[in-house]
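Below, each chain spelled out in residue letters.
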Amino acid sequence: MAIDEASAAMVREWLTAAASVAVLTGAGISAESGIPTFRGPGGLWRTYRAEDLATPQAFARDPQLSWEWYDWRRANIATAQPNAGHLALAELERRVPGFTLITQNVDGLHDRAGSRRIQKIHGDIWTLRCTACGCEWRDPRPSLPELPPRCGCGGIPRPGVVWFGEGLPEDIWTAAVEAARTAELMLVVGTSALVYPAAGLVQLAQLAGAKVVEINVAKTPVSALVDLSWRASASIALPQLLQSA
Ligand code: BV8
Ligand code: ZN
């Protein structure tokens, strides 16, 4: 639901006054594009257990099963369109010079919405990285001709995402931390704030003096910590934020 006009006006004020804005997004911003979230009703982890599929051990144990899951997700994402929430963030980037979008999402919808200053801290489902020779490439085909796919060297590539127990890409994580530390305003959109170190960016921004606004349809572990927890869907709240901002 929309927040009362007074709170929206306050957030717009913070937005207009902020020389640097950091946004952290999670699966919730893609939910209205038809991509299942991880922990919500019908979420991905409900039907599958994270430890079964999104870990290096699971991939080593059964690359075929792992690739069947990722291929299903890629095909689902390929039919999805960016929604008003993604588009509003791309517009926000055009308006705010010091803007950084930090996303936990691997679906690529922020790119397709026009965002450019993106730090993909959990990687990208459209990227493949060969486990034998290490070469990395982008394959946008909604379903791959053979599973698991093959690299030219004969090796089996993995999805270019960060699995549980794996470190985040160094340079991307460093840029995300820098953006959180220097933000005057942070928007936390559509994340359950359960996965670390990503969720730690919220506290980091707050400790560095940022105003923090959460946009989520449900309460999360950070709802009580932020300056304003806006109980609304991203596709409603973000465009409302842009109105005469
Ligand atoms: C690491 C990519 C160390 C793959 C993903 C115990 C305590 C604390 C931490 C740990 C622990 N045990 C293990 C850990 C560490 C672990 C972790 O945090 N586990 C959690 C679950 C406890 N973290 C790691 O393993 C990380 N690595 O720590 O490495 C290290 C360091 C150096 C060297 C070596 C090792 C790696 C974590 C990354 C894992 N990869 N995904 C893939 O996608 O297949 S995680 C996965 O969860 C996705 O990336 C997802 O984005 C992320 C977080 O989930 P959300 O995006 O928040 O989605 P979720 O469904 O949970 O929530 C959706 C939200 O949206 C909800 O709040 C809902 O209310 C809201 N919503 C719904 N609709 C809307 C909406 N909001 C607005 N509008 C709507 N319309
Ligand atoms: Zn190879």
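Look a little higher up for the structure.
As a convention, each chain's residues are numbered from 1 in the sequence order in which they are written. Naming scheme: in the order in which they are written, chains are lettered from A and ligands are numbered from 1. A pLDDT threshold of at least 70 governs which residues receive local features in this predicted model, and a stricter bar of 80 or more applies before side-chain atom pairs are shown or counted, although totals over entire chains, interfaces and linings include all residues. Side-chain metrics rest on all non-hydrogen atoms present in the structure, leaving aside hydrogens and water.

> Break down the coordination of the zinc ion (ligand 2) for me, with residues and values.
Only Cys130 (SG), Cys133 (SG), Cys151 (SG) and Cys153 (SG) from the protein coordinate the zinc ion (ligand 2), and they sit 2.2 to 2.3 Å from it. Note on donors: an N, O or S atom is included if it sits within 2.8 Å of the metal, or within 3.2 Å for Na, K and Ca, and water is never included, so sites can look incomplete. Labels for metal geometry use angle windows, namely 85 to 135 degrees for all angles of a four-donor tetrahedral site, and for square planar (four donors) or octahedral (six donors) sites opposite donors over 155 degrees apart plus all others within 65 to 115; sites meeting none of these are irregular. Classification of the site at the zinc ion (ligand 2) rests on its four donor atoms, whose angles at the metal span 106 to 118 degrees, yielding the label tetrahedral. Coordination of the zinc ion (ligand 2) draws on donor residues from a single chain, spaced C-x2-C-x17-C-x1-C in sequence. Taken together, the residues Cys133 in the loop between strand 4 (123-130) and strand 5 (136-138) and Cys153 in the loop between strand 5 and strand 6 (157-161) connect sequence positions 20 residues apart. Classification of Cys133 as partly exposed rests on a relative accessible area of 44%. Under the scheme applied here, a residue whose accessible area is under 20% of the maximum for its type counts as buried, over 50% as exposed, and between as partly exposed, the area being computed with a 1.4 Å probe on protein chains only. Under the relative-accessibility criterion, Cys153 is labelled partly exposed at 46%. Elements are defined by DSSP. Helices are runs of H or I of four residues or more, strands are runs of E of two residues or more, and each kind is numbered from the N terminus.

> Summarise the sheet that holds strand 4; cite the residues concerned and give the values.
In spatial order, the strands read 5-4-6; together these three strands make up an open sheet with antiparallel pairing. Unpaired on one side and paired on the other, strand 5 and strand 6 mark the two borders of the sheet. The mean inter-strand angle of the sheet, taken between neighbouring strand axes irrespective of direction, is 40 degrees. Against the sheet, helix 6 (residues 63-78) engages strand 4 and strand 6, with an angle of about 140 degrees to strand 4. In this description, strands pair whenever DSSP reports at least two bridges between them. Angular values range over 0 to 180 degrees, each being the angle between N-to-C directions of two axes fitted as lines to C-alpha atoms, with helices fitted over their stretch in contact. We call two residues in contact when some of their heavy atoms are within 4.5 Å.

> Go over the site of ligand 1 with me, naming the residues and quoting the values.
One heavy atom suffices: a residue is near a molecule or strand as soon as one of its heavy atoms comes within 4 Å of it. Neighbouring ligand 1 are 33 residues; Phe38, Arg39, Tyr70, Thr191 and Ser192 lie closest to it. The contact in question runs from an oxygen atom of ligand 1 to an N or O atom on the backbone of Gly165, over 2.7 Å. One of the side-chain N or O atoms of Ser192 is found 2.6 Å from an oxygen atom in ligand 1. Computed by Shrake-Rupley with a 1.4 Å probe, the accessible areas treat only the displayed protein chains as cover when residues are assessed. Summarising the interface, the protein chains cover 71% of the accessible area of ligand 1, which totals 1500 Å² for the free molecule. Taken together, the elements giving at least two residues each to the shell around ligand 1 come down to helix 2 (28-31) and helix 6. For this classification, the nonpolar set comprises Ala, Val, Leu, Ile, Met, Phe, Trp, Tyr, Cys and Pro, the charged set comprises Asp, Glu, Lys and Arg, and every other residue, Gly included, is treated as polar. Class assignment of the residues belonging to the shell around ligand 1 gives a composition of 16 nonpolar, 13 polar and four charged. We define a polar contact as two N or O atoms separated by no more than 3.5 Å, with the added condition that, inside protein, one atom must be a possible hydrogen donor and the other a possible acceptor, whereas residues neighbouring each other in sequence contribute only through side-chain atom pairs.

> Explain the environment of Leu65 to me, using residue names and the numbers behind them.
Looking at the element boundaries, Leu65 is found in helix 6. Assessed through its relative accessible area of 39%, Leu65 is described here as partly exposed. Between the C-alpha atoms of Leu65 and Leu147, which are 82 residues apart in sequence, the distance is 8.9 Å.

> Can you lay out the packing of aromatic side chains for me, pointing to particular residues and giving the numbers?
Two rings belonging to Phe, Tyr or Trp (six-membered ring only in the last case) form a pair when the distance between their centres is within 6.5 Å. Interplanar angles under 30 degrees mark stacking, angles over 60 mark edge-to-face geometry, and anything in between is tilted. Scanning the model with the defined rule gives three aromatic pairs in all. Ring centres of Tyr70 and Trp163 lie 6.4 Å apart, and the angle between their planes is 55 degrees; this geometry places the pair in the tilted category. On the criterion of sequence distance, the pair formed by Tyr70 in helix 6 and Trp163 in the loop between strand 6 and helix 9 (170-182) is long-range, its members being 93 residues apart. Summarising the burial analysis for this pair, Tyr70 and Trp163 share the class buried. Among the aromatic side chains, those forming a connected cluster through ring pairs are Phe59, Trp69, Tyr70 and Trp163. Sitting above the plane of the Trp69 ring, Arg73 keeps its charged end 4.6 Å from the centroid. Its guanidinium or amino end placed over the ring of Trp163, Arg158 lies 3.9 Å from that ring's centre, counting from NZ or CZ. Any Lys NZ or Arg CZ found within 6 Å of a ring centre and within 35 degrees of that ring's normal is scored as a charge over the ring.

> Hey, could you go over the pairing of strand 4 for me, with residue numbers and the actual values?
Both faces of the sheet carry side chains from a regular strand, because those side chains alternate between them. Most of strand 4 is tucked away, with seven of its eight residues classed as buried. As judged from the five bridges shared by strand 4 and strand 6, these two strands associate in the antiparallel manner. When the sheet's bridge partners are listed, Leu128 is paired in strand 6 with Pro159. As defined by bridge partners, strand 4 adjoins strand 5 across three bridges and the pair is classed as antiparallel. Opposite Arg129, over in strand 5, you have Glu136 as the bridge partner. A loop of five residues connects strand 4 with strand 5, the two strands running antiparallel in sequence, and Gly134 in this loop sits at a positive phi of about 85 degrees.

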